Amino acid sequence: MPEYEFVDVYVPRGVTRQEAARILTDHAEYGHWELDRLTLRLDGSRRVRLRRRIIRQLRATW
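The rules behind each value
- Residues numbered from 1 in each chain as written.
- Predicted model: local features only at pLDDT ≥ 70, side-chain atom pairs only at ≥ 80, totals over all residues.
- Heavy atoms only, no water.
- Pairing = 2+ DSSP bridges.
- Helix = DSSP H or I, 4+ residues; strand = E, 2+ residues; numbered from the N terminus.
- Axes fitted to C-alpha atoms, helices over the stretch in contact; angles between N-to-C directions.
- Phe/Tyr/Trp six-rings, centres within 6.5 Å; stacked < 30°, edge-to-face > 60°.
- Lys NZ or Arg CZ within 6 Å of the ring centre and 35° of its normal.
- Patch = residues over 30% accessible without salt bridge, like charges linked within 9 Å, V, L, I, M, F, W, Y side chains within 5 Å.
- Areas by Shrake-Rupley, 256 points an atom, 1.4 Å probe, with all protein chains shown as cover.
- Salt bridge = Lys/Arg side-chain N within 4 Å of Asp/Glu carboxyl O.

### Structural notes on the sheet that holds strand E1 (residues 3-11)
Part 1 of the reasoning: One open sheet accounts for three strands, arranged E1-E3-E2; its pairing is antiparallel. The open sheet terminates on both sides in strands that have one partner only, identified here as E1 and strand E2 (34-40). Neighbour-to-neighbour, the strand axes of the sheet open up by a mean angle of 20°, direction not taken into account.
Part 2 of the reasoning: Bridging between E2 and strand E3 (residues 46-54) involves six bridges; their strand directions are antiparallel.

### Considering unusual backbone geometry
Part 1 of the reasoning: Non-glycine residue His-32 carries a positive phi angle of around 60°.
Part 2 of the reasoning: Counting through the fold element by element, His-32 comes out in the loop between helix H1 (17-31) and E2.

### Digging into the packing of aromatic side chains
Part 1 of the reasoning: According to the stated counting rule, one finds zero aromatic pairs in the structure shown.
Part 2 of the reasoning: The side chain of Arg-49 reaches across the aromatic face of Phe-6, ending 5.7 Å from its centre.
Part 3 of the reasoning: Across the ring face of Tyr-4, the terminal group of Arg-51 is positioned such that the distance to the ring centre comes to 4.2 Å.

### Notes on a nonpolar patch on the surface
Part 1 of the reasoning: A grouping of Leu-35, Leu-38 and Leu-40 is seen on the molecular surface, where their side chains present a nonpolar patch of about 320 Å² in accessible area.
Part 2 of the reasoning: Assignment of secondary structure puts Leu-38 in strand E2.

The structure is reproduced here in structure tokens:
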């Protein structure tokens, strides 16, 4: 089963959809994050949870 690490990104309500998309695209391209969950709150702000897979290397035995 793959293991993931998560990060929460808070996008305030004054941020347009284009700006929010640019922020999330930057996270995806440069940090290798993918969208896990997006929550639109009643005040218009967004809470975005991003995830990326943790790759663990096995120790080589000689």
